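# Geometric and topological summary
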Protein chains: 4
Amino acid sequence: MTESRREYLHFRPIQTRWNDNDLYGHVNNVVYYSYFDTAVNLYLVEEGGLDPHASTVIGISPETHCNFHSAVAYPEHLEAGLRVGHLGKSSVRYEIGIFREGEETAAATGHFVHVFVDRKTHRPVPMPTQIRSALERLQPNTETSTGTR
Amino acid sequence: MTESRREYLHFRPIQTRWNDNDLYGHVNNVVYYSYFDTAVNLYLVEEGGLDPHASTVIGISPETHCNFHSAVAYPEHLEAGLRVGHLGKSSVRYEIGIFREGEETAAATGHFVHVFVDRKTHRPVPMPTQIRSALERLQPNTETSTGTR
Amino acid sequence: MTESRREYLHFRPIQTRWNDNDLYGHVNNVVYYSYFDTAVNLYLVEEGGLDPHASTVIGISPETHCNFHSAVAYPEHLEAGLRVGHLGKSSVRYEIGIFREGEETAAATGHFVHVFVDRKTHRPVPMPTQIRSALERLQPNTETSTGTR
Amino acid sequence: MTESRREYLHFRPIQTRWNDNDLYGHVNNVVYYSYFDTAVNLYLVEEGGLDPHASTVIGISPETHCNFHSAVAYPEHLEAGLRVGHLGKSSVRYEIGIFREGEETAAATGHFVHVFVDRKTHRPVPMPTQIRSALERLQPNTETSTGTR
């Protein structure tokens with residue numbers, strides 16, 4: 001997963017908290033996943049129309065991953081960069097970079113998979129149209145010049 | 001609030017976690033409330049028949065408080081001591097002491113008020129009978145009379 | 001503790017997180033203390049010159065308290081209002097209100113006491129001058145009379 | 001990563017907390033990493049002699065990962081199973097399974113890499129001997145050959 005700011009299509013500010021820092025003085029590895037969760041769901045709520053309290057289709061996570069490149073610490077201001085790496089019928093893979101405000105290189109990079117399921121049965125269902133179109137906007141344009149071909 | 005182990009009527013082991021410790025190397029003040037919440041609700045579930053996922057009556061908290069007497073730290077083993085300080089028709093005040101395993105004096109003491117409400121309307125309702133009788137068992141015997149009555 | 005916005009002298013935005021919400025769909029009572037901790041320490045860092053990683057004098061908390069008036073939930077935007085209720089030689093009582101962005105009445109109000117101690121010995125020491133003057137700026141002007149006295 | 005209990009060499013009880021559950025009523029994906037962190041560091045402390053407060057060599061994490069197979073929820077009792085997947089000069093890959101008490105199949109499986117570094121410089125250093133021998137005890141016996149050699 002690449003680590004530069006221009007690889008991400010959407011950014012969210014992330015506020016660090018006092019107790020994000022652990023005994024070693026930096027944001028604990030666990031907390032980055034809370035940044036992932038917060039940024040991804042906020043995008044779904046604001047752009048995709050998800051209502052976490054009432055929607056009949058919700059996103060649950062079968063897999064998350066993070067690589068930590070350099071330590072960050074409260075009270076630093078962070079940003080989460082988002083893009084969509086794979087978009088299936090009922091699942092999506094978000095790719096996320098955590099950046100210090102104003103820094104070009106990610107302090108951490110990871111991915112987070114959502115499967116959209118029925119809230120009651122937890123069975124996979126096609127993702128709602130509004131969510132799908134919001135996620136399509138996070139897909140990098142992978143066609144890099146088609147020139148004379 | 002008194003701080004000795006014999007002032008509490010029910011004890012729960014509390015497992016500390018790595019990231020309970022903050023930058024200063026001790027369990028962060030915030031986390032004690034998580035111990036309170038966990039011990040109190042576990043009592044309601046196991047002794048009072050509360051089903052947090054489905055019960056129509058749930059406990060919500062209008063007030064919590066904690067005094068910190070001495071620092072604790074992961075990986076220490078802790079215990080939460082519980083007693084009931086006030087038991088009303090729809091509310092209860094739990095008094096809680098956090099002890100290091102094997103220590104006589106509380107490292108922290110606090111209280112936590114629950115008001116029992118309808119899950120949907122959040123309007124106060126009388127607490128369920130099974131919860132009430134579980135909570136009565138946590139009331140210290142306040143009758144100290146030894147006379148002829 | 002009063003609950004209107006004009007009773008507080010300094011405001012900090014607070015970002016809610018997905019997992020601030022508990023099973024009941026609102027920010028868990030524990031998490032408000034994390035908002036307190038974050039807002040208070042940020043003020044000490046930015047206005048009082050506290051360096052949590054290196055300062056020889058640190059603030060530890062002997063007492064915290066919160067009253068919950070109305071529920072808030074991720075993804076709402078919140079603000080923490082601060083004022084200083086008591087300022088001693090080595091201790092301070094912060095009074096804090098948690099507001100929904102744009103709302104006049106606090107969703108929660110609480111206090112948080114800091115005692116400034118030597119980082120190594122944890123013995124109380126006079127608070128550093130820069131911290132004291134930052135905290136004095138958070139004291140409400142209690143002299144309202146301007147008359148002939 | 002395999003998911004059966006017999007693939008793990010060491011088990012730790014994990015206590016769930018009330019606010020481990022998120023809005024959807026199950027332990028939030030973030031929290032599993034807190035179980036990982038807690039179980040791994042506890043092993044290092046108790047078996048490897050790590051003193052998180054004072055050791056000059058500490059473990060920091062460049063990578064963590066988790067796959068979620070089935071949901072768990074407070075107040076369930078869990079266990080973390082540990083084994084060592086790769087043991088280098090200054091790094092180790094733990095493989096972890098989260099099990100419901102008494103269940104044979106993991107609810108979640110993941111890995112967690114530690115690089116041992118100098119506490120001050122954060123430069124990799126060979127892991128301390130006591131830690132190495134503790135970690136060797138978590139390596140599955142991969143030699144299954146029983147032939148004539």
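### A look at the relation of the copies chain B and chain A
Between chain B and chain A, which share one sequence, the superposing operator has a rotation angle of 180° and an axial displacement of 0.0 Å; the RMSD is 0.0 Å. Both copies of the chain, as the preceding transformation shows, are related through a two-fold rotation axis. Interface overlap between copies: 100% of the residues of chain B at the interface are likewise at the interface in chain A, consistent with a symmetric, same-surface contact.

### Observations regarding the packing of aromatic side chains
Within this structure, the stated rule accounts for 34 aromatic pairs over all chains. Each ring, one from Tyr32(A) and one from Tyr35(A), has its centre 5.9 Å from the other, and the planes form 55°; the classification is tilted. A residue pair is termed a helical-turn pair when its members lie 3 or 4 positions apart in one helix, as Tyr32(A) and Tyr35(A) do in helix α1 (residues 29–48) at three residues. What makes Tyr35(A) buried here is its relative accessible area of 0%. One aromatic cluster is present, built from ring pairs that chain together Tyr33(A), Phe36(A), Tyr33(D) and Phe36(D). Over the face of the ring belonging to Tyr8(B) we find Arg83(B), whose NZ or CZ atom lies 4.6 Å from the ring centre.

### Notes on the confidence of the model for chain A
Per-residue pLDDT for chain A has a mean of 92; in total, 93% of the residues score no lower than 70. Taken together, the stretch residues 143–149 of chain A has pLDDT below 50 and engages in zero contacts with residues farther than four places along the chain or on a different chain.

### What to know about the pattern of salt bridges
Enumeration according to the criterion identifies 36 salt bridges over all chains in this entry. A salt bridge links Arg100(B) to Glu103(B); the nearest nitrogen and oxygen atoms lie 3.2 Å apart. Residue Glu103(B) is classed as partly exposed on the basis of its relative accessible area of 34%. Glu104(C) is the salt-bridge partner of Arg6(C), the closest N and O atoms lying 4.0 Å from each other. In this pair, Arg6(C) is assigned in the segment before β1 (10–15) and Glu104(C) in the loop between β4 (91–100) and β5 (108–118), connecting sequence segments 98 residues apart. In this structure, a network of salt bridges that share partners links the residues Glu76(A), Arg100(A) and Glu103(A).

### As for the interface of chain B and chain A
Accessible area lost when the parts come together is the quantity often used to give the size of an interface. Contacts between chain B and chain A engage nine residues on the former and nine residues on the latter. When chain B packs against chain A, the two sides together hide about 890 Å² of surface, and 61% of this comes from carbon and sulfur. For chain B, the biggest contributors to the area lost against chain A are Trp18(B), Asn19(B) and Leu23(B); these three give 60% of the whole. Taken together, the connections running from chain B to chain A amount to zero salt bridges. The interface formed by chain B and chain A contains four residue pairs in polar contact (both at pLDDT 80 or more). Looking at the side of chain B that touches chain A, its residues break down into four nonpolar, four polar and one charged.

Criteria and thresholds
- Residues numbered from 1 in each chain as written.
- Chains lettered and ligands numbered in written order.
- Predicted model: local features only at pLDDT ≥ 70, side-chain atom pairs only at ≥ 80, totals over all residues.
- Heavy atoms only, no water.
- Least-squares fit on C-alpha atoms with pLDDT ≥ 70 in both.
- Contact = heavy atoms within 4.5 Å.
- Phe/Tyr/Trp six-rings, centres within 6.5 Å; stacked < 30°, edge-to-face > 60°.
- Helix = DSSP H or I, 4+ residues; strand = E, 2+ residues; numbered from the N terminus.
- Buried < 20%, exposed > 50% of the residue type's maximum accessible area, 1.4 Å probe, protein only.
- Lys NZ or Arg CZ within 6 Å of the ring centre and 35° of its normal.
- pLDDT = per-residue confidence, 0-100.
- Salt bridge = Lys/Arg side-chain N within 4 Å of Asp/Glu carboxyl O.
- Buried area = accessible area lost by both parts, 1.4 Å probe.
- Polar contact = N/O pair within 3.5 Å; in protein donor to acceptor, adjacent residues only side chain to side chain.
- Nonpolar A, V, L, I, M, F, W, Y, C, P; charged D, E, K, R; others polar.

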